[in-house]
Amino acid sequence: MTNKSVEITELNAENWYECCSLEVEENQASHIEPNAVSIAQSKFAPNLKPYSIRYGGETVGFLMFNTVEEELDGYWIYRIMIDKNHQHKGIGKTAAQLMIDEMKTKLQAKRIVVGYHPENTGAHELYRSLGFVDNGDRFGKEMAVVLEV
């Protein structure tokens, strides 16, 4: 990754549309909802907090987490995606760490959980590198991994 900075910003009137135009690689599309669907979901579930991910001043990704505890007595990460043109630069890992820090600060989170499809090897590597542990929890077709913070 270059020395450009990664930052996360709460979704607002200025940045939501940029997030809607972001896309993942074609082979990743079946693993994640489009950002427009996630943004709409956040408007009907106010406990979901959407953020844009910026890199070097440009919107390059999207993330969303829940502000109330759910299954496994944890706060869940609902989405994290990096546009296909900006993947493999370390942006996702940095943004995920910023999100974890935000959840620890704003929510006093002690346990963070994320679910993803077992075939999503990119997600598996990302969360493993951040310290998430697979305790064998499964929800439908998704596995859930846990980070104790």
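This one's a predicted model, so the numbers in the text were calculated from it and none came from an experiment.

The next point concerns the environment of A36. Examined against the element boundaries, A36 turns out to sit in helix α2 (residues 35-44). When the C-alpha positions of A36 and C19 are compared, they lie 7.7 Å apart, and in sequence the two are 17 residues distant.

It is worth spelling out the nonpolar core at this point. Counting 31 residues, the largest nonpolar core has I53, L63, M103, Y127 and F132 as the members making the most contacts within it. No other element matches the 7 residues that helix α3 (residues 91-107) contributes to this core.

With respect to topology, 7 strands assemble into an open sheet ordered β1-β2-β3-β4-β5-β7-β6, the strand pairing being mixed. Bordering the open sheet on either side are β1 (6-10) and β6 (133-139), each of which pairs with just one other strand. Here the average twist between neighbouring strands, direction ignored, is 30°. Across 5 bridges, the pairing between strand β3 (residues 58-66) and strand β4 (residues 75-82) is antiparallel. By the bridge assignment for β4, F62 is matched with M81. Relative to the sheet, α3 contacts β1, β2 (48-55), β3, β4, β5 (111-116) and β7 (142-148), its axis offset from that of β4 by approximately 155°. Sheet contacts for helix α4 (residues 121-129): β4, β5 and β7; angle to β5, the most-contacted strand, approximately 165°.

With that settled, consider α2. Residues of α2 that are buried include every one of N35, S38, I39 and S42, and no others. Taken around the axis of α2, the buried residues stretch over an arc of 100°, which confines them to a single face. Exposed side chains of α2 directed beyond 90 degrees from the buried face belong to K43 and F44. Buried positions along α2 lie against α1 (16-20), β2, β3 and β4.

In this section: unusual backbone geometry. Here D73, not a glycine, exhibits a phi torsion of approximately 55°, which is positive. Position of D73 relative to the elements: it lies in the loop between β3 and β4. Look at D73 and you get exposed, because its relative accessible area is 59%. One non-glycine residue with positive phi stands out, namely H88, at about 70°. Inspection of the secondary structure puts H88 in the loop between β4 and α3. When its relative accessible area of 80% is taken as the criterion, H88 is described as exposed.

On the secondary structure map, S52 appears in strand β2. When its relative accessible area of 0% is taken as the criterion, S52 is described as buried. At 3.3 Å, the side chain of S52 and the side chain of N15 are in polar contact.

Rules used in this analysis
- Residues numbered from 1 in each chain as written.
- Predicted model: local features only at pLDDT ≥ 70, side-chain atom pairs only at ≥ 80, totals over all residues.
- Heavy atoms only, no water.
- Helix = DSSP H or I, 4+ residues; strand = E, 2+ residues; numbered from the N terminus.
- Core = buried A, V, L, I, M, F, W, Y, C linked by side-chain atoms within 4.5 Å.
- Buried < 20%, exposed > 50% of the residue type's maximum accessible area, 1.4 Å probe, protein only.
- Pairing = 2+ DSSP bridges.
- Axes fitted to C-alpha atoms, helices over the stretch in contact; angles between N-to-C directions.
- Contact = heavy atoms within 4.5 Å.
- Arc of directions from axis to C-beta.
- Polar contact = N/O pair within 3.5 Å; in protein donor to acceptor, adjacent residues only side chain to side chain.

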